[in-house]
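Fold and geometry: a report
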Amino acid sequence: MNVGVAHSEVNPNTRVMNSRGIWLAYVISVGVLHVVLLSIPFFSIPVVWTLTNVIHNLVMYVLLHTVKGTPFETPDQGKDRLLTHWEQIDYGTQCTSSRKFLSVSPVVLYLLTSFYTKYDPAHFVVNTASLLSVLLPKLPQFHGVRVFGINKY
Amino acid sequence: MANPSAVCNGHLHHHHQKQNNLLKSGIYKKNGITKGMKKNGISNGSLYKKTFIEHFEQAPMYVAVLTFLGFGVGTIFGYLRDFMRAWGLEKRNIAAEREQQKDFVPLYQDFENFYTRNLYMRIRDNWNRPICSVPGPQFDLMERVTDDYNWTFRFTGRTIKNVINMGSYNYLGFAETDVNALKTVTIELQKYGTGICSTRQEMGTLDKHVELEKLVAKFLGVEDAMVFGMGFATNSMNIPALVGKGCLILSDELNHTSLVLGARLSGATIRIFKHNNMQSLEKLLRDAIIYGQPRSRRAWRKIIILVEGIYSMEGSIVRLPEIVSLKKKYKAYLYLDEAHSIGAVGATGRGVVEYFGMSPDDVDVLMGTFTKSFGAAGGYIAGKKDLVDFLRTHSHSAVYATSMCPPVAEQIIRAMKCLMGLDGTTQGLQRVRQLGKNTRYFRRRLHEMGFIIYGNDDSPVVPLLLYMPGKIGAFARRMLEKNIGVVVVGFPATPITESRARFCVSAAHTREMLDTVLNALDELGDFLHLKYSRYSKSSHPELYEETRLELED
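All of these numbers come straight from a predicted model, not from anything done at the bench.

Some remarks on the overall build of chain B
- Along chain B, the regular secondary structure elements total 16 helices and 15 strands.
- Taking the intrachain contacts of chain B between residues at least 6 apart in sequence as the baseline, contacts between residues at least 24 apart amount to 70%.
- Surface summary for chain B: the accessible area is close to 24600 Å², and the carbon and sulfur share equals 57%.

Right under this line is the structure:
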């Protein structure tokens, strides 16, 4: 049981994305990443933006769609052990506000990146592939789907 | 905290409270710091005989952002350390499987241990500290040090004496070792022995239990009571006896684990309403009565509302008058768990029922524990004689669990007699008054200093918000250096942004002890930048009515 716990929430991970201040913290950390990349002298602006986009999508993919379960023990005997964090948000309810925010933010970043890379074809390919890799798992149809059995257990 | 009316929720001059016209019954009132001009017998009648002020102030946004960044940094370092441990660059301190079992399927998923390994272990020295005296207002700690960053501890052999105890639930100060006070307990121990080894229904009902139950019933002003050996088990074993399949349980969001477990074991449908939020409760009640059971649309066999008197993590007091009027209107039952409030609130220590000036007949099932205010162990359920007789036959605890042991029963009897004045002194009443004074003083000073404190002004549980994970460890350690023992709690026991330190004021704390603690908090608050409150009491005196200030002495 959640002995020693102050609430009756079975899996606190489901509420983390709804907490006050996390969206702002997320935007600020993307901003910090971008500024850090900008300060490296030998990257041009388009490269910096593509790198921001790619690194952001990579980290998002790893944290939201690869890592499964909870970093603490839950009282439901591990019902969510095989679910990624994205699938755990709000106990699997689709199209809640956090899910919408996290789906829209890579798209916004993609649009900014496309603008700043002047729609260069090479950058376009890289950025679009990266965007698709992070948008597809967020579709409601992909809830619980493990392609080719990768990351199943 | 979703509690619109009585909440000082960060908006100093908002003249209208958003939701109040929703309830047609008009029982909702505008309470709170912004509405300072409170007199008795206000607009819609006197549901509340005195002002009900609760605070759940939100910290500024930058605090929440920094908290998440703190957790983020902790997570990054956690992954780094895990990587180093996996590749042998760092020694592994945690228990591991034997070499021969390396190819077996692992017993535990190591990600579930991530938080414990990487975040909890760093500040582990602030919990489970061994003490070597009774946990009264001061206690002695065994000094322990760690050579490998909290993976193992070793005792130096010294004891740290007279650490001020701000963590024990010792509201009335009955956790004492005074030989004279415990004389009757020693006599009973010699007479009856330590254990009973039988259940209530077989051979375990002694005259001590009957005496105790009569005394509890008299104390609370009800017809009958039944006592159980364990406070947690009182909830978890009796709720299944009272409700079953086809019944509806409406339980508060922040109810204790024992209530949640009892509700789950009963097989009834559980619906959760927002903490202390009466519109949420009324909406659930109306939906339950209008729509009935989920698929068959039949009426519910029983609707029971589970609430606590004082919530131990928030320090908030239940809105009993409103709940009672709701329950009467919609014909539901009320189960009140007074674990923290019995003995601690109310003019003579009879709990929230007395605090609000209501009659104990309004509450159907009065439950409480003897662990907090009476310095003993166990719990009770009190109410009408029919209810208690039913529980005597149908409770799981009565059939399968051993009954309360006699020395503990005697301790409760002596504490209760002291509280009721039956031992011929006014010591009990003095303790209750001292607790009230200490509570109000402590809370007022903390507000003035500028900390964010949750909860009702009259509740002896004082959560002080720390927010950031780094400050949890720093706060507890520095308080120990100043010889004060505190309890700190963080995620996942609290919401991720709301880690806190929880103080439990006791009647046994003297003014000097409280002043020591307050001065230490003042210094520490400046050093750790914990004074987030944007509405310190002293800077806005016009918002506080004169009558409140008269209570301080």
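Focus: the UniProt feature "domain: Aminotransferase class I/classII large" (unreviewed entry) in chain B
- Those places that UniProt annotates as "domain: Aminotransferase class I/classII large" (unreviewed entry) correspond, in this numbering, to residues 161–521 of chain B.
- Helix makes up 42% of residues 161–521 of chain B and strand makes up 16%, while its end C-alpha atoms are separated by 20 Å.

As for the pairing of strand E6 (residues 269–273) of chain B
- Alignment of strand E5 (residues 248–252) of chain B against E6(B), held across five bridges, turns out to be parallel. Bridging across to E6(B), B:Leu248 finds its partner in B:Thr269.

Let's talk about the domain arrangement of chain B
Residue and element names in this part refer to chain B.
- Assigned domains within chain B: domain 1 (54–165 + 427–536) and domain 2 (179–420).
- Placing a centre on the C-alpha atoms of domain 1 and another on those of domain 2 gives a separation of 30 Å.
- Opposite the 20 residues of domain 1 that make contact, domain 2 presents 18 residues.
- Carbon and sulfur atoms supply 59% of the area buried between domain 1 and domain 2, which totals about 1500 Å² over both sides.
- Where domain 1 packs against domain 2, one counts one salt bridge.
- Here Glu314 ties to Arg500 by a salt bridge, and the two come within 2.9 Å at their closest N and O atoms.
- Remark: the boundary between domain 1 and domain 2 carries nine residue pairs in polar contact (both at pLDDT 80 or more).
- Within the residue set of the side of domain 1 that touches domain 2, elements represented by two or more residues are helix H13 (427–449), strand E11 (455–456), strand E12 (461–465) and strand E15 (500–504).
- With seven residues, H13 is the largest single contributor of residues to the side of domain 1 that touches domain 2.
- A breakdown of the residues in the side of domain 1 that touches domain 2 according to their chemical character gives nine nonpolar, five polar and six charged.

Quick word on unusual backbone geometry
Residues and elements named next belong to chain B.
- A positive phi angle, near 55°, is found at Asn162, a position not held by glycine.
- On the accessibility criterion, Asn162 (44% relative accessible area) is partly exposed.
- For Asn276, which is not a glycine, the phi torsion comes out positive at approximately 55°.
- Position of Asn276 among the secondary structure elements: in the loop between E6 and helix H7 (278–291).
- For Asn276, a relative accessible area of 1% translates into the label buried.

Remarks on the packing of helix H3 (residues 45–66) of chain A against helix H5 (residues 97–116) of chain A
All names here are of chain A.
- In the contact formed by H3 and H5, the axes pass within 8 Å of each other and the chain directions differ by 165°. Looking at the two axes, H3 sits roughly antiparallel to H5. For the crossing formed where H3 meets H5, the hand is left-handed. Here Ile45, Pro46, Trp49, Thr50, Thr52, Asn53, His56, Asn57, Met60 and Leu64 of H3 lie close against H5, whose contacting residues are Leu102, Ser105, Pro106, Leu109, Tyr110, Leu112, Thr113 and Tyr116.
- Residue composition of the contact of H3 with H5, grouped by class: eleven nonpolar, seven polar and no charged.

What about the interface of chain B and chain A?
- Taken together, the contacts link 30 residues of chain B with 28 residues of chain A.
- For the pair chain B and chain A, the two sides together bury roughly 2600 Å², of which 64% comes from carbon and sulfur.
- Inspection of the chain B/chain A interface yields one salt bridge.
- Linking A:Arg81 and B:Glu112 is a salt bridge whose minimum nitrogen-to-oxygen distance equals 2.8 Å.

So, the UniProt feature "transmembrane region" (unreviewed entry) in chain B
- Sequence positions flagged by UniProt for "transmembrane region" (unreviewed entry) are, in local numbering, residues 59–80 of chain B.
- Each end of residues 59–80 of chain B is marked by a C-alpha atom, and these two atoms are 31 Å apart; helix forms 91% of the span and strand 0%.

Focus on the nonpolar core
Residue and element names in this part refer to chain B.
- Judged by nonpolar contacts, the single largest core of 68 residues is most densely connected at Ile305, Leu320 and Phe370.
- Ranked by residues supplied to this core, first place goes to helix H12 (residues 406–420) with eight residues.
- For this core, the domains that each give at least three residues are domain 1 (54–165 + 427–536) and domain 2 (179–420).
- With sequence-adjacent residues up to four places away left out, Ile305 is seen in contact with Leu250, Phe273, Leu281, Leu285, Ile323, Lys327, Ala332, Tyr333, Leu334 and Tyr335.
- Grouped together as the second largest cluster of nonpolar side chains are 31 residues, Phe451, Ile484, Val486 and Phe503 included.

Observations concerning the packing of aromatic side chains
- Applying the stated rule across the entire model yields 25 aromatic pairs over all chains.
- Centre to centre, the rings of B:Tyr79 and B:Phe114 are 5.0 Å apart; their planes meet at 45°, and the pair counts as tilted. Highlighted residues: B:Tyr79 in helix H1 (residues 61–86) and B:Phe114 in helix H2 (residues 114–120), separated in sequence by 35 residues.
- On the numbers, 6.3 Å between centres and 45° between planes, the contact of B:Tyr169 with B:Tyr171 is tilted.
- Taking the relative accessible area as the measure of exposure, B:Tyr169 reaches 29% and is therefore partly exposed.
- Among the aromatic side chains, those forming a connected cluster through ring pairs are A:Phe72, B:Phe71, B:Tyr115 and B:Phe491.
- The residue whose ring lies beneath A:Arg99 is A:Trp86, and the NZ or CZ to ring-centre distance is 5.0 Å.

Quick word on the sheet that holds strand E2 (residues 138–145) of chain B
Residue and element names in this part refer to chain B.
- Strand order in the open sheet made by the three strands is E2-E3-E13, with mixed pairing throughout. Because the sheet does not close on itself, it has two edges, and the strands there are E2 and strand E13 (484–485).
- Of the pairings in the sheet, the one linking strand E3 (residues 154–165) to E13 comprises two bridges and is parallel in character. By the bridge assignment, Asn165 is partnered in E13 with Gly485.

Observations regarding the pattern of salt bridges
Residue and element names in this part refer to chain B.
- Under the definition given, this model contains 37 salt bridges over all chains.
- Here Arg85 and Glu90 are joined by a salt bridge, their closest N and O atoms 3.7 Å apart.
- A relative accessible area of 9% means that Arg85 is categorised as buried.
- For Glu90, a relative accessible area of 19% puts it in the buried group.

The rules behind the values
- Every chain's residues receive numbers from 1 upward, in the order its sequence appears when written.
- Think of it this way: whatever chain is written first is A, whatever ligand is written first is 1, and the rest follow in order.
- Two thresholds apply to this predicted model, a pLDDT of at least 70 for residue-level local features and 80 or more for giving and counting side-chain atom pairs, whereas whole-chain, interface and lining totals are computed over all residues.
- Processing note: side-chain calculations cover all non-hydrogen atoms of the structure and skip hydrogens and water entirely.
- Under the scheme used here, helices are H or I runs from DSSP no shorter than 4 residues and strands are E runs no shorter than 2 residues, and both carry numbers assigned from the N terminus.
- Here, residues are in contact when the closest pair of their heavy atoms is within 4.5 Å.
- Accessible surface area values rest on a Shrake-Rupley calculation with a 1.4 Å probe, where residue burial reflects the displayed protein chains alone.
- UniProt positions are given in the numbering used here, feature names are shortened, and annotations may be inferred rather than shown by experiment.
- Any two strands are treated as partners once DSSP identifies two or more bridges connecting them.
- The split into domains, and so the bounds of each, comes from an automatic or database assignment of domains.
- Values labelled buried area give the accessible surface lost by two parts on being combined, using a 1.4 Å probe and summing over both.
- Definition used for salt bridges: Asp or Glu carboxyl oxygen within 4 Å of a side-chain nitrogen of Lys or Arg.
- Whenever two N or O atoms come within 3.5 Å, that pair is a polar contact, provided that in protein one can donate a hydrogen and the other can accept it, and provided that, for residues adjacent in sequence, both atoms are side-chain atoms.
- For this classification, the nonpolar set comprises Ala, Val, Leu, Ile, Met, Phe, Trp, Tyr, Cys and Pro, the charged set comprises Asp, Glu, Lys and Arg, and every other residue, Gly included, is treated as polar.
- Here's how the labels work: a residue is buried when its accessible area is under 20% of the maximum for its type, exposed when over 50%, partly exposed in between, all with a 1.4 Å probe on protein chains only.
- Each axis is a line fitted through C-alpha atoms, and for a helix only the stretch in contact is used; angles between axes span 0 to 180 degrees, taken between their N-to-C directions.
- Any angle from 65 to 115 degrees is called roughly perpendicular, while one under 35 is roughly parallel, one over 145 is roughly antiparallel, and all others are oblique.
- Each crossing gets its hand from how the near helix is turned against the far one by less than a right angle, where anticlockwise is left-handed and clockwise is right-handed.
- The set of buried Ala, Val, Leu, Ile, Met, Phe, Trp, Tyr and Cys residues whose side-chain atoms join them within 4.5 Å is what this entry labels a nonpolar core.
- Between 30 and 60 degrees the pair is tilted, below 30 it is stacked and above 60 it is edge-to-face, where a pair is any two Phe, Tyr or Trp rings, Trp via its six-membered ring, whose centres lie within 6.5 Å.
- For a Lys NZ or an Arg CZ to count as sitting over a ring, it must be within 6 Å of the ring centre and within 35 degrees of the ring normal.

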